[in-house]
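So the chains spell out like this:
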Amino acid sequence: MELTRVAILVLLAFGSSSAKVKEENPEFWRSQAQKTLHSVLDRKLNTNVAKNILFFLGDGMGITTYTAARILKGQLQNQTGEETVMTMDTFPNVGLAKVHTHVGRGGKSVGIVTTTRVQHATPATSYAHSASRKWYSDADMPDAAKRDGCTDIASQLLKNTDIDVIIGGGRKYMTPKGTKDPEYPRDFFSRGKRKDGRNLIDEWQSMKIGKVAHYVWNKTDFDSVDPETTDYLMALFEPGDLRFEAERDPNMDPSIVETTEKAIRILQKNPKGFFLLVEGGRIDQAHHAGRAFMALHETVAFDYAIAKGLELTKEQETLTIVMADHSHPVTFNGYPFRGQSILGKSPLWATDMLPYTTLMYGNGPGHKITNGKRPDIRNVNTKTKDYVQLSAVPTESATHSGEDVAVLARGPMGHLFQGVQEQNYIAHAMAYAACVGTDQRHCQGQTEAPVLHSTLTNDRNAAGAVRGSIALLGSLLSVLLAHTVLV
Ligand SMILES: *[C@@H]1O[C@H](CO)[C@@H](O)[C@H](O)[C@H]1NC(C)=O
Ligand SMILES: *[C@@H]1O[C@H](CO)[C@@H](O)[C@H](O)[C@H]1NC(C)=O
Ligand SMILES: [Zn+2]
């Protein structure tokens, strides 16, 4: 025991860097704490009505993932990492949430941006009601369900709500069985899936007669979509889920930062405001596969998308929420010293005289025991994109985990998002902040229009329209509290 402690001290002393030299001066910490204190004391409650809601959902982005991604973000810029400030870190209101929820729609414009297929669990809950999350197309449904009048998730994308912007993957669930994919015409698995012979992309376009509606499947066409003149956009960049950010082809598929930007620029033309769901959907998928590299790179990209969202909107009128739906059993351990790669190994070896990685899983596909011994990773590069971290228990796919997730909020009524709450509270608080739904006290108490500035791309909707929107918000949509518990 004593020896371990000495070893740690030695290691701490060795983990030196320029950030560390600065931090060795106690005055550095004193003045930083004073600066933070003053900025907290200077905070004013924003009690405006939320004209816009930007909802960033990091699927599976638990707190360990958040912290580890912060370090990776800095290390990708050749810093030690721990001192890096994520965009998420700048949100003044932080709470913890316990369960599971989704919000959608009103008279506002509505958009969905995701990195998965758009028929995947999280985006689907904002428009679909389905007995199974796997009913991507009618080909995935049992005949009995069809006879009972159930419909697949892709077809509900057209029917249930008038979504202005839909961006993600999932082309193959939209086209008749056997339809060749435009990007991978030779790949059998990318071909259309629908047994009912419908082409939902064509149907979607023909429903939008008289409006400017674009369907695109590649970056060239996506880039040429002019948000100023576009009413509707459907962009499906892959047959299924999008690629991981670290494997994305930047000539064919835009990043989550670019898709978030396009969505906001289209939606913010509505003087009544908008609701946009941006999902970092593949953090979860990477963790299921035990691939911390991918999960953290997805999280860093997600943080850049949040930064873009803040840049394009005004905090006075836009409530921005960041949260996760659940966490994963990834753990951050082993006393790595300052600046050491977050994807590297603990400087300490275990009692079996073998090293171990800083990030590990409680369960997942990375479980390997041979002759009672863990794998010897002394000569293994654990920082590669395909490396699967060790897990304590063998499962084909890492499970979700049950601890609370963080909720971060800024903008109108951001202070409602504090404390330890049930997850469905978040939807109710958003509805209250935006004056959609049944509780209108917030708008009635509002005697003056909030001070609003014209948006970046749109000067037309100045104060008059905005004042009008407060009254209109009452008649605006009911918030859809599609309450879905997903596995
Ligand atoms: C970080 O350092 C590496 C190796 O020295 C260099 O190739 C890379 O461009 C640097 N990245 C940044 C963001 O400075
Ligand atoms: C992008 O899609 C359009 C429309 O299908 C097509 O004409 C164009 O060739 C595609 N571009 C690339 C680079 O594949
Ligand atoms: Zn999952």
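Residues numbered from 1 in each chain as written. Chains lettered and ligands numbered in written order. Predicted model: local features only at pLDDT ≥ 70, side-chain atom pairs only at ≥ 80, totals over all residues. Heavy atoms only, no water.

1. Some points on the confidence of the model for the chain
Looking at the chain as a whole, the pLDDT averages 86, with 84% of positions reaching at least 70. Ignoring residues within four places in sequence, the model shows residues 447–487, a span with pLDDT below 50, making 81 contacts including any to other chains. (pLDDT = per-residue confidence, 0-100. Contact = heavy atoms within 4.5 Å.)

2. Examining the site of ligand 2
The local shell around ligand 2 consists of Trp 217, Asn 218, Thr 220, Asp 221 and Met 252. A distance of 2.9 Å is found between an oxygen atom of ligand 2 and a side-chain nitrogen or oxygen belonging to Trp 217. Here Asp 221 contributes a side-chain N or O atom positioned 3.3 Å from an oxygen atom of ligand 2. Taken by itself ligand 2 offers 360 Å² of open surface, and the protein chains cover 45% of this. Split by residue class, the shell around ligand 2 holds 2 nonpolar, 2 polar and 1 charged. (Near = heavy atom within 4 Å. Polar contact = N/O pair within 3.5 Å; in protein donor to acceptor, adjacent residues only side chain to side chain. Areas by Shrake-Rupley, 256 points an atom, 1.4 Å probe, with all protein chains shown as cover. Nonpolar A, V, L, I, M, F, W, Y, C, P; charged D, E, K, R; others polar.)

3. Section: the site of ligand 1
All residues in the neighbourhood of ligand 1 are listed as Leu 76, Gln 77 and Asn 78. For ligand 1, whose accessible area on its own is 360 Å², the fraction buried by protein is 24%.

4. Quick look at the coordination of the zinc ion (ligand 3)
Note on the zinc ion (ligand 3): its protein donors are Asp 284 (OD), Asp 284 (OD), His 288 (NE2) and His 400 (NE2). The metal-donor distances range over 2.0 to 2.3 Å. Every donor counted, the 4 donor atoms about the zinc ion (ligand 3) form angles of 57 to 152° at the centre, which fits irregular coordination. Mapped onto the sequence, the residues coordinating the zinc ion (ligand 3) show the spacing D-x3-H-x111-H. In this pair, His 288 is assigned in helix H11 (residues 282–288) and His 400 in the loop between strand S11 (391–394) and strand S12 (405–410), connecting sequence segments 112 residues apart. (Donors = N, O, S within 2.8 Å, 3.2 Å for Na, K, Ca; no water. Tetrahedral: all angles 85-135°; square planar, octahedral: opposite > 155°, others 65-115°. Helix = DSSP H or I, 4+ residues; strand = E, 2+ residues; numbered from the N terminus.)

5. Some words on the sheet that holds strand S13 (residues 419–421)
With respect to topology, 10 strands assemble into an open sheet ordered S5-S6-S4-S3-S7-S1-S8-S12-S2-S13, the strand pairing being mixed. Edge positions in the sheet fall to strand S5 (213–216) and S13, since each of these pairs with one other strand and no more. Direction aside, the axes of adjacent strands within the sheet are offset by 15° on average. One ladder, built from 4 bridges, connects strand S4 (residues 165–169) with strand S6 (residues 232–236); its direction is parallel. Within S6, the position partnered with Val 165 by the bridge is Leu 233. Across the face of the sheet, helix H8 (residues 200–207) comes into contact with S4, S5 and S6 while running at roughly 165° to S5. Each of strand S1 (52–58), strand S3 (109–117), S4, S6 and strand S7 (274–280) touches helix H10 (residues 256–267); the most contacted strand, S7, lies at about 170° to it. (Pairing = 2+ DSSP bridges. Axes fitted to C-alpha atoms, helices over the stretch in contact; angles between N-to-C directions.)

6. Here's the deal with the state of the cysteines
For the coordinates displayed, the defined rule picks out 1 disulfide. Across the disulfide, Cys 435 is cross-linked to Cys 443 (sulfur-sulfur distance 2.1 Å). Where Cys 435 bonds to Cys 443 through sulfur, the torsion about that S-S bond is close to -130°, and the disulfide is left-handed. Grouping residues by exposure puts Cys 435 and Cys 443 together as buried. (Disulfide = S-S within 2.5 Å. Buried < 20%, exposed > 50% of the residue type's maximum accessible area, 1.4 Å probe, protein only.)

7. Considerations on the packing of aromatic side chains
Inspection of the entire model under this criterion finds 5 aromatic pairs. Considering the side-chain rings of Phe 28 and Trp 29, the 5.1 Å spacing of their centres and the 85° angle between planes classify their relative orientation as edge-to-face. By relative accessible area, Trp 29 is classed as partly exposed at 43%. Taken together, a centroid distance of 6.0 Å and an interplanar angle of 75° make the contact between Phe 56 and Phe 302 edge-to-face. With Phe 56 in strand S1 and Phe 302 in helix H12 (residues 292–312), this residue pair connects regions lying 246 residues apart in the sequence. Phe 302 carries the same exposure label as Phe 56, and that label is buried. Above the face of the Tyr 136 ring, Arg 117 is positioned so that its terminal group lies 4.5 Å from the ring centre. Note that Arg 410 overlies the ring of Phe 91, its terminal NZ or CZ placed 5.4 Å from the centroid. (Phe/Tyr/Trp six-rings, centres within 6.5 Å; stacked < 30°, edge-to-face > 60°. Lys NZ or Arg CZ within 6 Å of the ring centre and 35° of its normal.)

8. Some words on the environment of Lys 385
Mapped onto the fold, Lys 385 is located in the loop between strand S10 (359–364) and S11. Each C-alpha atom of the pair Lys 385 and Ala 246 lies 7.9 Å from the other, and the pair is 139 residues apart in sequence. A distance of 3.5 Å separates a polar atom in the side chain of Lys 385 from a polar atom in the side chain of Asp 386.

9. Quick word on the pattern of salt bridges
Following the criterion strictly, the structure yields 29 salt bridges and no others. With its nearest N and O atoms 2.8 Å apart, the salt bridge here joins Glu 83 to Arg 338. On the criterion of sequence distance, the pair formed by Glu 83 in the loop between helix H4 (63–75) and strand S2 (93–97) and Arg 338 in the loop between strand S9 (330–332) and S10 is long-range, its members being 255 residues apart. Across the pair Arg 265 and Glu 261 runs a salt bridge whose closest N-O atoms are separated by 2.8 Å. On the criterion of helical spacing, the pair formed by Arg 265 and Glu 261 is a turn pair, its members being 4 residues apart in helix H10. If you follow the salt bridges from partner to partner, you end up with Lys 219, Asp 223, Glu 245, Arg 248 and Glu 258 in one network. (Salt bridge = Lys/Arg side-chain N within 4 Å of Asp/Glu carboxyl O.)

10. Here's the deal with the sheet that holds S9
Read across the sheet, 3 strands follow the order S9-S10-S11 without closing on themselves; strand pairing throughout is mixed. Taken across any chain shown, the strands that pair with only one partner, and hence form the sheet edges, are S9 and S11. Adjacent strand axes in the sheet meet at a mean angle of 20°, parallel and antiparallel pairs treated alike. As judged from the 3 bridges shared by S9 and S10, these two strands associate in the antiparallel manner. Looking across to S10, one finds that Thr 331 is bridged to Met 360. Each of S9 and S10 is contacted by H4, which is oriented at about 55° to S9, the strand it contacts most.

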